Amino acid sequence: MHYTGLIERYRERLPLPADAQAVALGEGRTPLIELQNIPRDIGFDGRIYVKFEGLNPTGSFKDRGMTVAVSAAKHAGSKAIICASTGNTSAAAAAYAARAGMTAFVLIPEGKIALGKLAQAGISGCEVIQIRGNFDDGMRIVRGLSDAMPITVVNSINPWRLQGQKTAAFEIIEELGRAPDYHCLPVGNAGNISAYWMGYREMGPKAPVELPIAPEHFDYARTQVCDNRPIMCGYQAAGAAPFLRGEPVLAPETIATAIRIGAPQSWDYAQAAVSESGGWFAEFADEDILAAQKLLASREGVFCEPASATSVAGALRDIRQGHIRPGSSVVCTLTGHGLKDPDVAIRQAAADPTVVDAEPAAVEKALQAAL
Ligand SMILES: *Cc1c(COP(=O)(O)O)cnc(C)c1O
């Protein structure tokens, strides 16, 4: 059957009105790639998978939430959407608004957004407003404006976003036949870790005590399809690690711009995900994040953006330190595609390219030198 996107695939698990039409671009159904070389390199006898969300239509997992949020907004008669963004939410909002024939306004931090993301918002013709401030400033402004104007906020404070994003957990369970033992992901605004936990809870067994994680006004079937749930590991960049500090960070800073957030909006949900699952938060220096990004590209052929690699930086360290048990199965979400942030990748690339004359002999000499 023609796959149109995750709304049609999971409609019975999404509390959308039955007559709401899907604004869809074929999002979801992303590959779960088992790492082959890295586990061998580090002597890990379990399995490490990456859920490559960079292969969504606009190159990040944000499409999962956006298809549902924009479909719900359109069904409700909304003409315009707005978001604050570190880049990927704006790219997704711009694309789905274009698809729906709606206007999108996006607030992004001036000078702190990766080039690919800026290109995506620009080409779509949405209204890009660069603010002299960071994501948290943008979020505060968006919250205020949406109270005063008839515009739908499509940040993850919009509960439809988490509803869409939870479907990634469904796909993982379907592919593995069970939930993994550990699920690792980068944490910025903390919506995604909350959404995955919601998804795992809906398909997994009931826990003795459950903290309120799903937006209460939703009521949908929770059919158990597997008998385990993962331990959730939330990884942050050291310069933007409010969950490690136990309070908001006023001036967050990291090269991983997608998680350069100091005041996460889904704070309580993320705390619940980690504590209910028996997981933890940890933080990583920018150098560790970039090293993981390069390792994935050079050892496995998987190119993700810096923020995404935080999940792998964390998993590898926690395997090494024994926090993640030998023999277990680990899924790391790679939240966005490497081409989103070409500047950082080029700066990390190997030495300058070799330049030679366009002669077989000259090329052969270069090959010999490298063999
Ligand atoms: C949005 C985003 C994150 C952070 O997700 P949250 O839900 O805000 O925690 C991580 N990586 C990438 C690439 C993103 O676009």
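Check the entry above for the structure.
On a predicted model such as this, the values are computed, not experimentally measured, just so you know.

### Observations regarding the overall build of the protein chain
Tallying secondary structure elements over the protein chain gives 15 helices and 10 strands in all. Expected size for 371 residues packed as a compact globule is a radius of gyration near 21 Å; at 21 Å, the protein chain falls within 12% of this value. Projecting the C-alpha coordinates of the protein chain onto the three principal axes gives extents of approximately 65 × 50 × 45 Å. Going through the 371 residues of the protein chain one by one, you find that 56% of them count as buried. A sequence separation of at least 24 residues applies to 71% of the contacts in the protein chain between residues at least 6 apart. Here the protein chain has roughly 15800 Å² of accessible surface; of this, 54% comes from carbon and sulfur atoms. For the protein chain, the distance from the average position of its 34 positive side-chain charges to the average position of its 40 negative side-chain charges is 3 Å.

### Some details on the pattern of salt bridges
With the rule as written, the count across this model stands at 15 salt bridges. Note that Arg47 is salt-bridged to Glu34, the shortest N-O span being 2.9 Å. Of this pair, Arg47 sits in strand E2 (residues 47–52) while Glu34 is found in strand E1 (residues 32–34), placing the two residues 13 residues apart along the sequence. Assessed through its relative accessible area of 44%, Arg47 is described here as partly exposed. Note on Glu34: relative accessible area 31%, which makes it partly exposed. With a closest N to O distance of 3.4 Å, Asp181 and Arg178 form a salt bridge. The exposure class assigned to Asp181 is partly exposed, which follows from its relative accessible area of 21%. For Arg178, a relative accessible area of 34% gives the class partly exposed. Taken together, the shared-partner salt bridges in this structure form one network comprising Lys51, Glu53, Arg64 and Glu171.

### A word on the site of the ligand
Among the 17 residues in the neighbourhood of the ligand, the closest are listed as Lys62, Asn88, Asn189, Ala190 and Thr335. Here an oxygen atom of the ligand sits 2.7 Å away from a polar atom, N or O, in the side chain of Asn88. Relative to its unbound accessible surface of 380 Å², the ligand loses 97% to contact with the protein. Secondary structure elements with two or more residues in the shell around the ligand: helix H9 (191–203) and helix H13 (306–320). In terms of residue class, the shell around the ligand is made up of 7 nonpolar, 8 polar and 2 charged.

### Remarks on the nonpolar core
Counting 52 residues, the largest nonpolar core has Val70, Ile81, Ile193, Tyr196 and Tyr200 as the members making the most contacts within it. Elements represented by at least two residues in this core include exactly helix H1 (6–9), helix H3 (62–75), strand E3 (80–84), helix H4 (88–100), strand E4 (103–109), helix H8 (167–176), H9 and helix H11 (267–277). Excluding its chain neighbours within four sequence positions, the residues that come into contact with Val70 are Val23, Ile81, Tyr96, Ala100 and Met102.

### So, the environment of Ala69
Mapped onto the elements of the fold, Ala69 is located in helix H3. The spatial distance from the C-alpha of Ala69 to the C-alpha of Pro159 is 8.0 Å, given a sequence separation of 90 residues. If we skip the residues at most four places from it in the chain, Ala69 touches Val154, Asn158, Trp160 and Arg161.

### Side note on the sheet that holds E4
With parallel pairing, the 4 strands of this open sheet are ordered in space as E5-E4-E3-E6. Taken across any chain shown, the strands that pair with only one partner, and hence form the sheet edges, are strand E5 (127–131) and strand E6 (152–153). Relative to E6, E3 runs parallel, the two sharing 2 bridges. Paired with Ile81 across the bridge in E6 is Thr152.

### What to know about the pairing of strand E8 (residues 231–237)
The element E8 is extensively covered by neighbouring structure, given that 7 of its 7 residues are classed as buried. The two faces of E8 match: Ile231, Cys233, Tyr235 and Ala237 on one face and Met232, Gly234 and Gln236 on the other face are all buried. Pairing of strand E7 (residues 182–186) with E8 involves 5 bridges; the strand directions are parallel. Bridge pairing links Pro186 to Tyr235 in E8. The pairing of E8 with strand E9 (residues 280–284) spans 5 bridges and is parallel. Within E9, the position partnered with Ala237 by the bridge is Phe284.

### Side note on a nonpolar patch on the surface
Taken together, the side chains of Ile141, Leu145 and Met149 make up a nonpolar region of the molecular surface, amounting to roughly 230 Å² of accessible area. Counting through the fold element by element, Ile141 comes out in helix H6 (residues 135–148).

### Topic: H4
Every α-helix carries 3.6 residues per turn, so stepping three or four residues along brings you back to the same face. Spanning 13 residues, H4 covers 18 Å between terminal C-alpha atoms, matching the ideal 18 Å at 1.5 Å per step. Within H4, burial applies to Asn88, Thr89, Ser90, Ala91, Ala92, Ala93, Ala94, Tyr96, Ala97 and Ala100. Each element contacted by the buried residues of H4 is listed here: H3, E3, E4, helix H5 (115–124) and helix H7 (159–165).

How each quantity is defined
- Residues numbered from 1 in each chain as written.
- Predicted model: local features only at pLDDT ≥ 70, side-chain atom pairs only at ≥ 80, totals over all residues.
- Heavy atoms only, no water.
- Helix = DSSP H or I, 4+ residues; strand = E, 2+ residues; numbered from the N terminus.
- Rg over C-alpha atoms; globule rule 2.2 N^0.38 Å.
- Buried < 20%, exposed > 50% of the residue type's maximum accessible area, 1.4 Å probe, protein only.
- Contact = heavy atoms within 4.5 Å.
- Areas by Shrake-Rupley, 256 points an atom, 1.4 Å probe, with all protein chains shown as cover.
- Lys, Arg positive; Asp, Glu negative; His and termini not counted.
- Charge placed at Lys NZ, Arg CZ, Asp CG, Glu CD.
- Salt bridge = Lys/Arg side-chain N within 4 Å of Asp/Glu carboxyl O.
- Near = heavy atom within 4 Å.
- Polar contact = N/O pair within 3.5 Å; in protein donor to acceptor, adjacent residues only side chain to side chain.
- Nonpolar A, V, L, I, M, F, W, Y, C, P; charged D, E, K, R; others polar.
- Core = buried A, V, L, I, M, F, W, Y, C linked by side-chain atoms within 4.5 Å.
- Pairing = 2+ DSSP bridges.
- Patch = residues over 30% accessible without salt bridge, like charges linked within 9 Å, V, L, I, M, F, W, Y side chains within 5 Å.
- Expected span 1.5 Å × (residues − 1).

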